[in-house]
Amino acid sequence: PFQTDATYKSQIKILEERYESTKTIQVLDSLANLAFEYKDWETSMNYGQMAVKLQPTAKRHFLLGGAAGFRALEVSVFSSLKYINIMKSAFEEAVRLNPSNVFYLRAQVDVLVALPSLLGGDLEGALKIIEKIKFYLISHLLIQELDFHC
């Protein structure tokens with residue numbers, strides 16, 4: 001686990017010191033990604049939220065949503081509500097910023113299917129997104145086929 005991993009602790013410390021001296025978005029991204037890789041969801045969310053506030057991108061929202069979703073799975077149902085809200089809104093924003101990204105759309109489908117309707121689950125909404133995914137995938141395959149024959 002990340003709590004006892006000396007390599008992780010060392011890398012995080014180095015990056016945190018670098019961020020303190022540079023204040024660059026790239027270092028924030030590195031911190032969020034490293035924490036995500038080591039399954040340190042709280043740290044990943046912390047740096048991910050900082051990065052999203054400074055320079056929102058679909059990829060940053062997607063990483064934030066993923067960290068929040070995984071954290072929600074580790075805590076009690078009551079505690080998970082906070083993380084579910086972060087996850088849901090982060091995935092929605094990722095799709096808003098990059099509406100044709102199949103990975104972001106797929107994450108949104110997973111959320112809509114997994115959550116009860118009381119928490120924002122929506123099977124009809126998930127089916128509509130699945131249709132978009134099919135459209136993007138088929139369009140991509142057709143373009144590849146045309147490129148192959150030209």
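Refer to the structure presented above.
Chains are numbered independently. Their residues run from 1 in the order of the written sequence. pLDDT decides what is reported in this predicted model: residues at 70 or higher carry local features, side-chain atom pairs at 80 or more are listed and counted, and totals for whole chains, interfaces and linings draw on all residues regardless. To get the side-chain values, all heavy atoms of the structure are used, and hydrogens and water are removed first.

> Can you lay out the packing of aromatic side chains for me, pointing to particular residues and giving the numbers?
Each Phe, Tyr or Trp ring (for Trp, its six-membered ring) is paired with any other whose centre lies within 6.5 Å, and the angle between the two planes then decides the class: stacked below 30 degrees, edge-to-face above 60, tilted in between. Counting across every chain of the model gives eight aromatic pairs. The interplanar angle of 70° and the centroid separation of 5.0 Å between the aromatic rings of Phe 36 and Trp 41 together place this pair among those described as edge-to-face. For Phe 36, a relative accessible area of 24% translates into the label partly exposed. Accessible area is worked out with a 1.4 Å probe on protein chains only. A residue is then buried under 20% of its type maximum, exposed over 50%, and partly exposed in between. By relative accessible area, Trp 41 is classed as buried at 6%. Measuring from centroid to centroid gives 6.0 Å for Phe 36 and Phe 70, while their planes differ by 65°, and the two rings are edge-to-face. Remark: Phe 70 occurs in helix 4 (residues 58-74) and Phe 36 occurs in helix 2 (residues 25-37); sequence separation between them is 34 residues. Since its relative accessible area comes to 39%, Phe 70 is described here as partly exposed. Strands here are runs of E lasting at least two residues and helices are runs of H or I lasting at least four, both read from the DSSP assignment and numbered beginning at the N terminus.

> Before we move on, can you summarise the environment of Gly 65 with the specific residues and values?
If you trace the backbone, Gly 65 turns up in helix 4. Note: C-alpha distance between Gly 65 and Ser 76 (11 residues apart in sequence) is 18 Å. Not counting residues within four places of it along the chain, the set of residues in contact with Gly 65 comprises Met 87, Ala 90 and Phe 91. Contacts: residue pairs with any heavy atoms within 4.5 Å of one another.

> So what's going on with the layout of surface pockets? Residues and values would help.
Cavities and pockets were defined on a 1 Å grid built from protein atoms only: a cavity is a group of points that admits a 1.4 Å probe but offers it no way out, a pocket is an open group of points flanked by protein on both sides within 12 Å along at least five of seven lines, and a lining residue is one with an atom within 4 Å of any such point. Grid points are joined across faces, edges and corners, and a volume is the space filled by probe spheres set on the points. Of the pockets and cavities examined, the largest pocket occupies roughly 290 Å³. Lining the largest pocket are 14 residues, and of these Gly 66, Gly 69, Phe 70, Leu 73 and Met 87 lie nearest its centre. Elements supplying a minimum of two residues to the lining of the largest pocket: helix 4 and helix 5 (77-97). The leading source of residues in the lining of the largest pocket is helix 4, at eight residues.

> Report on unusual backbone geometry, specifying residues and quantitative values.
Most of the time, phi is negative for any residue but glycine, and the peptide bond is trans. One non-glycine residue, Lys 23, adopts positive backbone phi at about 55°. Assignment of secondary structure puts Lys 23 in the loop between helix 1 (6-22) and helix 2. On the basis of relative accessibility, which here comes to 47%, the residue Lys 23 falls in the partly exposed class. Of note in this structure, Lys 39 is not a glycine but carries a positive phi near 60°.

Worth remembering: the numbers are spatial, not functional.
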